[in-house]
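The lines below spell out each chain.
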Amino acid sequence: MKKQTVIHVRAAEPEDWRALHAILTAPAAAAGTFSMPYNSAEVFRRMLAEPGGDHRLLGCVNGEPVGAVILMPQGPARRAHCARLAIAVRDDWQGQGIGTRLMAAVTDLADNWLGLARIELEVFVDNAAAIAMYRRAGFDTEGCSRGFALRHGALVDVYRMARLRGIKPWVAPAVAANEWV
Ligand SMILES: CC(C)(COP(=O)(O)OP(=O)(O)OC[C@H]1O[C@@H](n2cnc3c(N)ncnc32)[C@H](O)[C@@H]1OP(=O)(O)O)[C@@H](O)C(=O)NCCC(=O)NCCS
């Protein structure tokens, strides 16, 4: 049984760069995401110093950030209803509900504060924990991309997953025979 952990979710601040670096460069977190194991902390310092349009949330235990989720809106214009999502929990805190809590916070943000209709991501096909978490948060598998990213020396497939809200199925209009070129 999981131990009861009080998880506080808040926005990332510029001074959280060291914590974000620790979360994303831990071996399992780096292998599960598309992050690099030896990323310089400076990369994260610069990222958090720029407000940008991304929404960066941290899951904290006893005030310490141990997980992060980033929602990246794809607008403006025709993809304004879409966002990409990336999430990681520091290796020593995985399996204790942090990811689930962050997903609840970020889907509430997407649904009720940003009005997004589509959240999309790629996940390695053997990442059972992440796939289970995404399915529970309402994501479906849309397809598979072969040899998508290098991981420990092998090109690994990913599933493309998305969570849709209020999108009606699109039906191609019938094309008259004389319109074919
Ligand atoms: C994927 C990740 C974000 C999940 O966060 P977490 O805090 O470890 O996950 P939680 O403790 O909230 O558990 C989420 C669910 O994962 C599932 N899960 C966990 N371990 C699992 C496993 N080995 N096999 C199958 N499902 C598993 C369970 O359904 C679990 O919920 P439950 O235990 O309540 O039934 C985290 O493990 C992580 O950072 N992994 C490395 C980076 C990564 O893979 N990011 C995703 C990139 S797409």
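You'll find the structure just up there.
All of these numbers come straight from a predicted model, not from anything done at the bench.

Conventions adopted
Position numbers for residues count from 1 along each chain, tracking the sequence in the order it is written. Confidence filtering applies because this is a predicted model: local features only for residues at pLDDT of at least 70, side-chain atom pairs given and counted only at 80 or more, and all residues used for totals across whole chains, interfaces and linings. Here, nearness means that the C-beta atom of a residue, built from backbone geometry, sits within 6 Å of the molecule or strand in question. Counting from the N terminus, the helices are the DSSP runs of H or I reaching at least four residues and the strands are the DSSP runs of E reaching at least two. Only Asp, Glu, Lys and Arg are considered charged, only Ala, Val, Leu, Ile, Met, Phe, Trp, Tyr, Cys and Pro nonpolar, and every remaining residue, Gly among them, polar. Each residue is classified by how many other C-beta atoms fall within 10 Å of its C-beta atom, where C-beta atoms are placed from the backbone; a count of 20 or more means buried, 12 or fewer means exposed, and values in between mean partly exposed. Pairing between two strands requires that DSSP report at least two bridges joining them. Lines fitted to the C-alpha atoms define the axes, with helices restricted to the stretch that makes contact. Angles between their N-to-C directions range from 0 to 180 degrees. C-beta atoms are placed from the backbone for every residue, and two residues are taken to be in contact when these atoms lie within 7 Å.

### A word on the site of the ligand
With respect to spatial proximity, 22 residues lie near the ligand, and among them Gly32, Gln94, Gly99, Thr100 and Ala129 are the closest. Elements that contribute at least two residues to the shell around the ligand include exactly helix 2 (27-32), strand 4 (82-89), helix 4 (98-112), strand 5 (118-124) and helix 5 (128-136). At five residues, the largest contribution of residues to the shell around the ligand is made by helix 5. For the shell around the ligand, the per-class residue count stands at 13 nonpolar, nine polar and no charged.

### What about the pairing of strand 2 (residues 55-61)?
For strand 2, a buried count of five out of seven residues is recorded, marking the element as mostly surrounded by other parts of the structure. Direction of pairing for strand 1 (residues 8-11) relative to strand 2: antiparallel, over a ladder of four bridges. Bridging from a neighbouring strand, Ala11 pairs with Leu57 of strand 2. The antiparallel pairing of strand 2 with strand 3 (residues 64-73) creates a hairpin that spans two residues between the two strands, and Asn62 there sits at a positive phi of about 50 degrees.

### Looking at the sheet that holds strand 4
Read from one edge to the other, the open sheet built from seven strands follows the order 1-2-3-4-5-7-6, with strand pairing classed as mixed. Looking along the sheet, the strands with just one partner apiece sit at the ends: strand 1 and strand 6 (140-151). Neighbour to neighbour, the strand axes of the sheet diverge by 25 degrees on average, direction disregarded. Bridge analysis of strand 4 against strand 5 gives three bridges, and the strand direction is parallel. Its bridge partner lying in strand 5, Ala83 is registered against Ile119. Against the sheet, helix 1 (residues 17-25) makes contact with strand 3 and strand 4, and its axis sits at roughly 85 degrees relative to strand 3, the strand it touches most.

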